[in-house]
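The residues making up each chain are set out below.
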Amino acid sequence: MKRVLTSQSFEFPIGYFALTAENRLFSRALIELICRKIAPQSGHIIRRGRISWPLGHAAPFSAVVTGKQAVSHISVLYGVSRQQTFKFVKENFSHPELLHTPMQKWQARDRSELLLWLALVPDFDVMIVDTSLVFTHSTSFSKRYLELFMEKTRGKTVLISPNQARFTKLICKSAIHVSEGKISVNADLEWALKNNNLVTLQKELAQEEDTNLDTLEF
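Here's a quick rundown of the structure. All chains use their own residue numbering, which begins from 1 and follows the written sequence. Where totals are concerned, whole chains, interfaces and linings use all residues; where local detail is concerned, this predicted model gives features only for residues with pLDDT of at least 70, and gives and counts side-chain atom pairs only at 80 or more. As a convention, hydrogens and water are excluded, and side-chain values are obtained from all of the structure's heavy atoms.

This paragraph deals with the overall build of the protein. Secondary structure elements follow DSSP: runs of H or I of four or more residues count as helices, runs of E of two or more count as strands, with numbering from the N terminus. Assigned secondary structure in the protein consists of eight helices and five strands. Starting at the N terminus and ending at the C terminus, the protein contains elements arranged as β-α-α-α-α-β-α-β-α-β-β-α-α. Each residue is placed in one exposure class: buried if its accessible area under a 1.4 Å probe, protein chains only, is under 20% of its type's maximum, exposed if it is over 50%, and partly exposed if it falls in between. A burial count over the protein gives 47% of its 218 residues as buried. Considering only contacts in the protein between residues 6 or more positions apart, those separated by 24 or more positions represent 70%. Of the roughly 11,600 Å² of accessible surface on the protein, a fraction of 49% belongs to carbon and sulfur atoms. Any two residues whose heavy atoms approach within 4.5 Å are treated as being in contact. The protein chains shown are the only cover counted for residues, whose accessible areas, like all others here, come from Shrake-Rupley with a 1.4 Å probe.

What follows covers the pairing of strand β2 (residues 126-129). Residue alternation in β2 divides its side chains into two sets, Val 126 and Ile 128 and Met 127 and Val 129, and both sets are buried. Looking at chain direction, β2 and strand β3 (residues 157-160) are connected through four bridges and run parallel. Bridge pairing in β3 places Val 126 opposite Thr 157. One requirement defines pairing of two strands: DSSP has to find at least two bridges between them.

Spatially, β2-β3-β1-β4-β5 is the arrangement adopted by the five strands of the open sheet, whose pairing is mixed. A strand with exactly one partner marks an edge of an open sheet, and here the two such strands are β2 and β5 (182-186). Adjacent strand axes in the sheet meet at a mean angle of 25° when their direction is disregarded. Across five bridges, the pairing between strand β1 (residues 15-21) and strand β4 (residues 174-179) is parallel. The residue bridging Thr 20 from the neighbouring strand is His 177, located in β4. Whenever a helix is involved, its axis is fitted only over the stretch in contact; in every case the axis is a line through C-alpha atoms, and angles between N-to-C directions fall within 0 to 180 degrees. Of the strands in this sheet, β1, β2, β3, β4 and β5 are in contact with helix α1 (residues 24-34), which crosses β1 at around 130°.

For salt bridges, the criterion is a side-chain nitrogen of Lys or Arg within 4 Å of an Asp or Glu carboxyl oxygen. Under the counting rule described, the total for this entry stands at six salt bridges. In this structure, Asp 130 and Arg 28 form a salt bridge, with 3.4 Å as the shortest nitrogen-oxygen distance. One end of the pair, Asp 130, is in the loop between β2 and α5 (139-153); the other, Arg 28, is in helix α1, and 102 residues separate them in sequence. A salt bridge links Lys 169 to Glu 190, with the nearest nitrogen and oxygen atoms 3.3 Å apart. Here the residue Lys 169 occupies a position in helix α6 (residues 165-171), and Glu 190 occupies one in helix α7 (residues 189-194), the gap between them amounting to 21 residues. What makes Lys 169 partly exposed here is its relative accessible area of 32%.

So, on to the nonpolar core. Grouped together as the largest cluster of nonpolar side chains are 44 residues, with contacts concentrated most on Tyr 145 and Phe 149. Per-element tally for this core: the top contributor is α5, with six residues. Sequence-distant contacts of Phe 149, defined by excluding residues within four places in its chain, comprise Tyr 16, Leu 120, Met 127, Val 129, Leu 133 and Val 158. Throughout this description, the term nonpolar core refers to a set of buried Ala, Val, Leu, Ile, Met, Phe, Trp, Tyr and Cys residues connected via side-chain atoms within 4.5 Å. In terms of nonpolar packing, the next biggest core, distinct from the first, is built from 14 residues, Phe 26, Leu 30, Ile 34 and Ile 183 among them.

This part covers the pairing of β4. Of all six residues in β4, five are buried, a share of seventy percent or more. Sheet topology places β4 next to β5; five bridges connect them, and they run antiparallel. Pairing of Ser 179 across the sheet is with Lys 182, part of β5. Adjacent in sequence and paired antiparallel, β4 and β5 are bridged by two residues, among which Glu 180 carries a positive phi angle near 50°.

Moving on to the packing of helix α3 (residues 82-92) against helix α4 (residues 108-118). Interaxial distance between α3 and α4 falls to 10 Å at its minimum, and their mutual angle equals 135°. Here α4 runs oblique to α3, going by the angle between their axes. The way α3 lies across α4 gives a crossing that is right-handed. Across the interface between the two elements, Thr 85, Phe 88, Val 89 and Asn 92 from α3 touch Glu 113, Leu 114, Trp 117 and Leu 118 from α4. Each residue receives one of three labels: charged for Asp, Glu, Lys and Arg, nonpolar for Ala, Val, Leu, Ile, Met, Phe, Trp, Tyr, Cys and Pro, and polar for the others, Gly being one of them. Considering only residue class, the contact of α3 with α4 consists of five nonpolar, two polar and one charged. These descriptions rest on fixed angle ranges, namely under 35 degrees for roughly parallel, over 145 for roughly antiparallel, 65 to 115 for roughly perpendicular, and the rest for oblique. Left-handed is the label given to a crossing in which the near helix is rotated counterclockwise from the far helix by less than a right angle, and right-handed is the label when the rotation is clockwise.

What follows is the structure, given as structure tokens:
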């Protein structure tokens, strides 16, 4: 079995970085290492500050809970006000009437949207994004969310899996790339995206055709 990383010291810098790898399994393993889902077989990881759950992965609660219960769970888990969190979500969530119903009955995109809003509540020092932040079905949501996302993450470390290459290039200037057992910062973002095993640029462009990214400003 090939090792994801060999003996190496690396410190994640502050800024917005595409998280790329020669093999998608490598970037996924790196995310799980950072988030304590798996432990390193050797060496150690020093974590400073608060790290988000990987946006796009299963949230730290069951889908059988209601939206309001999910809000309460996140509030307790990260030590933030339940009342303020619920108010924030209710003001921004596209379908606040769903919050009193079980999430397992929601459409997948509504569950995704709620989790995205909840991720903006705690004060994370490291934000890990392994999903799309641009919703092709709602430019208004994407614009509003990204404005708050950029405000919330300014001066933090943000790692973004390039599910949408055009969006990634809007906010990232460099990549953190995993290749041949090493992790490094690569200033050639175009190269990193072309050598990323996640999806092809052609497929991403097709997915984003219906979203007017020119209206998004950062």
